[in-house]
Amino acid sequence: MTAETAARAARTPVRALTVLYDAECSLCTFLRDWLVRQPQWVPLELVPAGSAEARRRFPGLDHAGTFEEITVVGDAGQVYRGAGAWVVTLWALRKYRPLAHRLSTPSGARLARGAVLAAAAWRGTKSGGGQAPRRGDGWVYDRRAGWTYHPPGCADGRCAAPS
């Protein structure tokens, strides 16, 4: 996103949000299911992170980063990550907008960041007992390095040079 596009997006009201979630994470899918049941002020669309649909809709987005932190994209190109993404998602929900306003204060932001870090730690404990979880699409998670991409046929991280 260019600086001009970012400035325009910051001035544009949010009318819809797309939440990118890890479809292979039980916590993420639980939260996806919870979100779709909530009454919404702003429509939420939930799309698997790194999916063909996500890549088609948001070609300029760092899709590897969407596995590292929750990412929410507004209809005018606004991109929210981490705690900010959670706050804007709560802001879209009828029952949780007041909480979102409280979490957008400096002290609330620390609480929101702590909640995001706790969720990330929980995800880490559920990811195979120290083994790097693998996704069927070539993405591999390592607690120290984060998500990395190994194209099919590169399971060990080394690929034959193209001929």
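Everything below is about the structure shown above.
Treat the numbers as computed from the prediction; the structure is a model and nothing was measured. (Residues numbered from 1 in each chain as written. Predicted model: local features only at pLDDT ≥ 70, side-chain atom pairs only at ≥ 80, totals over all residues. Heavy atoms only, no water.)

Time to look at the side chain of Thr-71. By the secondary structure assignment, Thr-71 is in strand S3 (residues 71-74). A polar side-chain atom of Thr-71 sits 2.9 Å from a polar atom in the side chain of Arg-81. If sequence neighbours within four positions are ignored, Thr-71 has contacts with Thr-18, Val-19, Leu-20, Leu-61, Gly-65, Thr-66, Val-79, Tyr-80, Arg-81 and Ala-85. (Helix = DSSP H or I, 4+ residues; strand = E, 2+ residues; numbered from the N terminus. Polar contact = N/O pair within 3.5 Å; in protein donor to acceptor, adjacent residues only side chain to side chain. Contact = heavy atoms within 4.5 Å.)

Counting residues in each nonpolar core, the largest one holds 23 residues, and the members touching the most others are Leu-17, Val-19, Leu-44, Leu-46 and Val-72. Those elements that place two or more of their residues in this core are strand S1 (17-21), helix H2 (26-37), strand S2 (44-48), helix H5 (82-92) and helix H6 (97-103). At 6 residues, H5 tops the list of elements feeding residues into this core. When sequence neighbours within four positions are dropped, the list of residues in contact with Val-19 reads Leu-44, Glu-45, Leu-46, Val-47, Ile-70, Thr-71, Val-72 and Thr-89. Grouped together as the second largest cluster of nonpolar side chains are 8 residues, Leu-20, Ala-54, Phe-58 and Leu-61 included. (Core = buried A, V, L, I, M, F, W, Y, C linked by side-chain atoms within 4.5 Å. Buried < 20%, exposed > 50% of the residue type's maximum accessible area, 1.4 Å probe, protein only.)

Another aspect to go through is the pairing of S2. Looking at chain direction, S1 and S2 are connected through 5 bridges and run parallel. Opposite Tyr-21, over in S2, you have Pro-48 as the bridge partner. At this point the chain moves from S1, through H2, to the parallel S2, and the crossover so formed is right-handed. (Pairing = 2+ DSSP bridges. Right-handed = clockwise from strand over helix to strand, strands pointing away.)

On to the sheet that holds S1. Read across the sheet, 4 strands follow the order S2-S1-S3-S4 without closing on themselves; strand pairing throughout is mixed. The open sheet has two free edges, formed respectively by S2 and strand S4 (79-81), since each of these has just one partner strand. Each adjacent strand pair in this sheet contributes to an overall mean axis angle of 25 degrees, direction not counted. In the packing of H2 onto the sheet, the strands contacted are S1 and S2, and the crossing angle to S2 comes to about 155 degrees. (Axes fitted to C-alpha atoms, helices over the stretch in contact; angles between N-to-C directions.)

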